[in-house]
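A structural walkthrough
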Amino acid sequence: MAVRIGTDVIEIERIRRALERPGFRDRCFTPDEQAYCESRRNPAESYAARFCGKEAVGKALGCGVLFTWKEIEIVGPPKPGVTLAGKTLRWAEKVGMREIDVSLTHSHTVAAATCVADLETPPVRRPRP
């Protein structure tokens, strides 16, 4: 058994600028995530928190950049949760993911997320060249 933790922090202004670029929303967020974020008073804060959540999940699972953004969906409210699909789900199954939990937060300037994943086996670490 291995408990893995992933965390991420980002400036909300960085996500606000990214949201102005064509394609960013559709590349990184599912339709349900977009609907939730757009319903909020300050959508950039919610997008930033979910972006961090996805990064934190990838780090906790040890799959790094092997996932695609929409394969990790942050669901909720009331409490944020995680839905996995595609290669990311297959990786989670390979490492024996039993449970995964995510916590999101933001202020007016910064968003952050932490993920805790309960795995049967820790991901294999690749040696650095």
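See the structure above.
Presented here is a report on the structure given in the accompanying data block. (Residues numbered from 1 in each chain as written. Predicted model: local features only at pLDDT ≥ 70, side-chain atom pairs only at ≥ 80, totals over all residues. Heavy atoms only, no water.)

1. Points about the pairing of strand 3 (residues 81-84)
Operational definition: At least two DSSP bridges between two strands are required for those strands to pair. In this text, helices come from DSSP runs of H or I with a minimum length of four residues, and strands from runs of E with a minimum of two, each type numbered from the N-terminal end.
Across four bridges, strand 2 (residues 72-75) lies against strand 3 in antiparallel orientation. Residue Ile-72 lies in a different strand from strand 3, and its bridge partner there is Leu-84. Remark: five residues form the turn of the hairpin made by strand 2 and strand 3, two consecutive strands paired antiparallel; Gly-76 in that turn has positive phi of roughly 110°.

2. Quick notes on the pattern of salt bridges
Put simply, the rule is: In the sections that follow, a salt bridge refers to a side-chain nitrogen of Lys or Arg positioned within 4 Å of a carboxyl oxygen of Asp or Glu. Relative accessible area decides the class of each residue, using a 1.4 Å probe on protein chains only: under 20% of the type maximum gives buried, over 50% gives exposed, and in between gives partly exposed.
Within this structure, the stated rule accounts for six salt bridges. Asp-8 is the partner of Lys-59 in a salt bridge, and the nearest nitrogen-oxygen pair spans 3.0 Å. Taken together, the residues Lys-59 in helix 4 (residues 43-61) and Asp-8 in strand 1 (residues 2-11) connect sequence positions 51 residues apart. Using a relative accessible area of 38% as the deciding quantity, one classes Lys-59 as partly exposed. For the salt bridge of Arg-25 with Glu-38, the shortest nitrogen-to-oxygen distance reads 3.0 Å. You can see Arg-25 sitting in helix 2 (residues 24-28) and its partner Glu-38 sitting in helix 3 (residues 31-38), a full 13 residues away along the chain. A relative accessible area of 27% places Arg-25 in the partly exposed class.

3. Describing the packing of aromatic side chains
By convention here, two paired aromatic rings are described through the distance between centres and the angle between planes. This is how it is decided: Think of it this way: a Phe, Tyr or Trp ring, Trp meaning its six-membered ring, pairs with another when their centres are within 6.5 Å, and the plane angle makes it stacked under 30 degrees, edge-to-face over 60, tilted otherwise.
For the coordinates displayed, the defined rule picks out four aromatic pairs. A ring pair is formed by Phe-51 and Trp-69, whose centres lie 4.7 Å apart and whose planes are at 25°; its orientation type is stacked. You can see Phe-51 sitting in helix 4 and its partner Trp-69 sitting in the loop between helix 4 and strand 2, a full 18 residues away along the chain. Three or more aromatic residues joined by ring pairs make a cluster, and in this case those are Phe-24, Phe-29, Tyr-47, Phe-51 and Trp-69.

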